[in-house]
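A look at the structure
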Amino acid sequence: MNEDALGLDGIAGRGASALAELHALRAADAPTHGGRVLSYVYDPGIAELDRIAGEAARLVQPVNGLDPTVFPSARVLERDLVAWGAQLTHGGDGTVGNVTSGGTESCMLAVLSARDSAGRGGEAGDAGSIVIPTTAHAAFVKAAHVLGLGVVRVAVDPSTGRVDPARIAAALRDDTVLVVASAPNYPLGALDPIAEIAEVTGAAGVPLHVDACLGGFALAWWDESGAGDDTLPPWDFRVPGVTTLSLDLHKYGYAPKGASLLLHRDRDRHRAQYFGLTDWPGYPVVNPTLLGSKSLAATASAWAIAHALGDDGYRALVGRIRRSVTVLREAVDATAGLRVVGDPVGPVFAVAADGHGERAVDPHRWAAAVAERGFTLQMQPSLPQPDGTTLPATTHLTVTPVTESVLGELVVALREAATEVRGVPPAQPLAALATLAAAFEAGQVEARDVTALPSAVLAAALAEAGLAPGGPGELDMAAVLSAVEALPREVTRVLLIEYLAGLLAPG
Ligand SMILES: *Cc1c(COP(=O)(O)O)cnc(C)c1O
């Protein structure tokens, strides 16, 4: 080994150039601050909070959150955050839970706990199934996939975006281990009728998970934000049948990515979420979450931000959000050819075409035209539901406190973009995918003919369609979504996996 490689000057110099390169890479990212990206990032618009979060993360940088007996700081941070989340969601003193790495992990652990509490899964065999609205987050389908459960998807009412409790009742089966409802859901921002669903699940003796990953830390102050008159129906532990609840610190808690809460009303269900192993020759393993060794960085940042903002700080930020949502929804409602879908509650909503033909505004064309004016909105595909109805293609807007600082410019962009694309029909899939779609339509190909193809063939097909990394359609989301809608979903699933794997592949 060359000891010179460890010389301080060499390390400092090479480190500096790596950091310079990272600065350059970051400059090419979508802007995480300033309100120009209306999905993925949750910007309170307060630079001091970034500094505090960064300092907190640095302080715990070398800690292994795996073992709170060796690192008691891990215990204090987790206990504080769980107690705070329980108080905000009216859980009372008995509520227990954990900090997880994000919403997906919180949802997975809720499903794991429900499966094992039902005495299913693992060595017990048949893992059972979960009942979810079509609008429930993909994380629940992922959880079922990983944990070996079936999924029963229940159509939501396209006119409200909410699921009907009677349909949940009808979907329950003998092997149902969990029902999921959203507060609110990601695609449309609608708040499922939690109390009415809890009556159904309570009568059937099935646990109910409320997924408040997205909006929990906004809904908690929604009514008292002073920015609107409507009050929310109870959506949290005030509702007796709610057994578990997830809320993401890294969304409207404003923490950096990597922190969420999963709360349980019941201690035994909580313990069922844990993994323990004492019969191996290493240290006794007791993990409340999926990870083993884990960073405390996002947890410490979340904790510091919660203290820095305090109750009044969060309430004031929610006031900003709620006022901006009102302005933006009015702007959409006042735009011919566009409509807000259903009856959203809270900080996110979705926009669809209003009507057809000359006056309609295709929501994806619209999003592309808004992007040219400096704001990134998120395109979402249409979805045929199990009851034969269809949820329309939409464009999603996540409103954050900082949205207020660009509100005037954003409203103008939304209006001008609509004028520009009004009457323009939706994008067509790229030519090669359109040919493939026609072959499916004509029955010449079946989904399994494609899903069984090896990666190399799929990659070649993508390249031909212009969707390979560096190809003309590489980042054309409107074209990608029109392909998602035109082809069988099972086919787009494997194509998009191939696409992303190609994007991330070395070389
Ligand atoms: C974001 C989200 C999740 C999943 O969370 P991740 O933090 O992205 O893993 C689950 N449910 C809802 C409603 C969400 O918005």
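None of these values were measured; they are calculated from a predicted model.

So, the overall build of the chain
Looking only at helices and strands, the chain has 17 helices and 15 strands in total. With the C-alpha coordinates aligned to their principal axes, the bounding extent of the chain is approximately 70 × 65 × 55 Å. In the chain, which comprises 507 residues, the share counted as buried stands at 49%. Pairs at least 24 apart in sequence give 71% of the contacts found in the chain among residues at least 6 apart. Accessible area of the chain: about 23,300 Å², with a carbon and sulfur share of 57%.

Focus: the site of the ligand
Contacts to the ligand come from Gly102, Gly103, Thr104, His137, Tyr186, Asp211, Cys213, Leu214, Asp248, His250 and Lys251. One nitrogen or oxygen atom from the side chain of Asp248 is found 3.3 Å from an oxygen atom belonging to the ligand. Lys251 is positioned such that a nitrogen or oxygen atom in its side chain is 3.0 Å from an oxygen atom of the ligand. For the ligand, the protein covers 86% of the area, taking 380 Å² as the surface of the free molecule. Of the residues in the shell around the ligand, the class split is three nonpolar, five polar and three charged.

Thoughts on the UniProt feature "modified residue: N6-(pyridoxal phosphate)lysine" (unreviewed entry) in the chain
Here the UniProt feature "modified residue: N6-(pyridoxal phosphate)lysine" (unreviewed entry) sits at Lys251. With respect to the helices and strands, Lys251 occurs in the loop between strand S6 (242-247) and strand S7 (260-264). The exposure class assigned to Lys251 is buried, which follows from its relative accessible area of 14%. Among residues more than four places away in sequence, those in contact with Lys251 are Tyr42, Cys213 and Leu214. Of note is the side chain of Lys251, whose polar atom sits 3.1 Å from the side chain of Asp248.

Regarding the pairing of strand S11 (residues 348-353)
Here S11 lies mainly inside the structure; five of its six residues are buried. Note that strand S10 (residues 338-340) and S11 share three bridges and pair antiparallel. Paired with Leu338 across the bridge in S11 is Ala353. Sheet analysis places S11 next to strand S15 (residues 394-398), joined by four bridges and oriented antiparallel. Looking at the pairing, Val348 lines up with Thr398 of S15.

Remarks on the sheet that holds S11
Taken in spatial order, the four strands make up an open sheet running S10-S11-S15-S12, and their pairing is antiparallel. Looking at strand neighbours, the two that pair on one side only are S10 and strand S12 (378-380), the edges of this open sheet. Strand-to-strand twist in this sheet, taken as the mean axis angle between neighbours without regard to direction, amounts to 30°. Sheet analysis places S12 next to S15, joined by three bridges and oriented antiparallel. From the neighbouring strand, Gln378 faces S15, where its bridge partner is His396.

Considerations on the domain arrangement of the chain
For the chain, the assigned domains are domain 1 (53-302), domain 2 (309-419) and domain 3 (429-502). For domain 1 versus domain 2, the distance between C-alpha centres works out to 27 Å. Summed over both sides, the interface between domain 1 and domain 2 buries roughly 2,900 Å², with carbon and sulfur atoms accounting for 62% of that surface. In terms of surface lost to domain 2, no three residues of domain 1 exceed Leu188, Trp221 and Trp222, which account for 23% of the buried area on that side. Inspection of the region where domain 1 meets domain 2 yields three salt bridges. Two residues, Asp387 and Arg167, come together in a salt bridge whose shortest N-O distance is 2.8 Å. Inspection of the domain 1/domain 2 interface yields 15 residue pairs in polar contact (both at pLDDT 80 or more). Contributing elements (two or more residues each) for the side of domain 1 that touches domain 2: helix H3 (72-88) and helix H8 (216-219). The biggest single contributor to the side of domain 1 that touches domain 2 is H8, with three residues. Partitioning the side of domain 1 that touches domain 2 into residue classes produces 21 nonpolar, 10 polar and seven charged.

Focus on the side chain of Thr95
Among the structural elements, Thr95 can be located in the loop between H3 and strand S1 (96-100). Within the structure, the side chain of Thr95 is placed 3.3 Å from the backbone oxygen of Gly92, a separation counted as a polar contact. Residue contacts for Thr95: discarding those within four places in its chain leaves Ala86, Phe237, Leu263 and His264.

What about the packing of helix H2 (residues 47-59) against helix H10 (residues 297-333)?
Interaxial distance between H2 and H10 falls to 8 Å at its minimum, and their mutual angle equals 140°. Judged on the interaxial angle alone, H10 and H2 are oblique. For the element pair H2 and H10, the recorded crossing hand is right-handed. Where H2 approaches H10, its residues Leu49, Ile52, Ala53, Ala56 and Ala57 are matched on the opposing element by Ala297, Ala300, Ser301, Ala304, Ile305, Ala308 and Leu309.

Side note on a nonpolar patch on the surface
Taken together, Leu19, Leu22 and Leu25 make up a surface patch of nonpolar side chains, about 300 Å² in accessible area. Structurally, Leu19 can be placed in helix H1 (residues 8-27). Of the residues examined, Leu19 reaches a relative accessible area of 53% and is grouped as exposed.

Concerning the sheet that holds strand S2 (residues 129-133)
Read from one edge to the other, the open sheet built from seven strands follows the order S1-S7-S6-S5-S4-S2-S3, with strand pairing classed as mixed. A single partner strand is all that each edge strand has here, and the edge strands are S1 and strand S3 (150-154). Strand-to-strand twist in this sheet, taken as the mean axis angle between neighbours without regard to direction, amounts to 20°. Two strands pair when backbone bridges link them, and strand S4 (residues 176-182) and strand S5 (residues 208-211) are joined in this way by four bridges, in the parallel orientation. Residue pairing for S5: Ala181 is matched across the bridge by Val210.

Reading guide: rules and limits
- Residues numbered from 1 in each chain as written.
- Predicted model: local features only at pLDDT ≥ 70, side-chain atom pairs only at ≥ 80, totals over all residues.
- Heavy atoms only, no water.
- Helix = DSSP H or I, 4+ residues; strand = E, 2+ residues; numbered from the N terminus.
- Buried < 20%, exposed > 50% of the residue type's maximum accessible area, 1.4 Å probe, protein only.
- Contact = heavy atoms within 4.5 Å.
- Areas by Shrake-Rupley, 256 points an atom, 1.4 Å probe, with all protein chains shown as cover.
- Near = heavy atom within 4 Å.
- Polar contact = N/O pair within 3.5 Å; in protein donor to acceptor, adjacent residues only side chain to side chain.
- Nonpolar A, V, L, I, M, F, W, Y, C, P; charged D, E, K, R; others polar.
- UniProt positions renumbered as here; feature names shortened; annotations may be inferred.
- Pairing = 2+ DSSP bridges.
- Axes fitted to C-alpha atoms, helices over the stretch in contact; angles between N-to-C directions.
- Domains from an automatic or database assignment.
- Buried area = accessible area lost by both parts, 1.4 Å probe.
- Salt bridge = Lys/Arg side-chain N within 4 Å of Asp/Glu carboxyl O.
- Parallel < 35°, antiparallel > 145°, perpendicular 65-115°, else oblique.
- Left-handed = near helix turned anticlockwise from the far one by under 90°.
- Patch = residues over 30% accessible without salt bridge, like charges linked within 9 Å, V, L, I, M, F, W, Y side chains within 5 Å.

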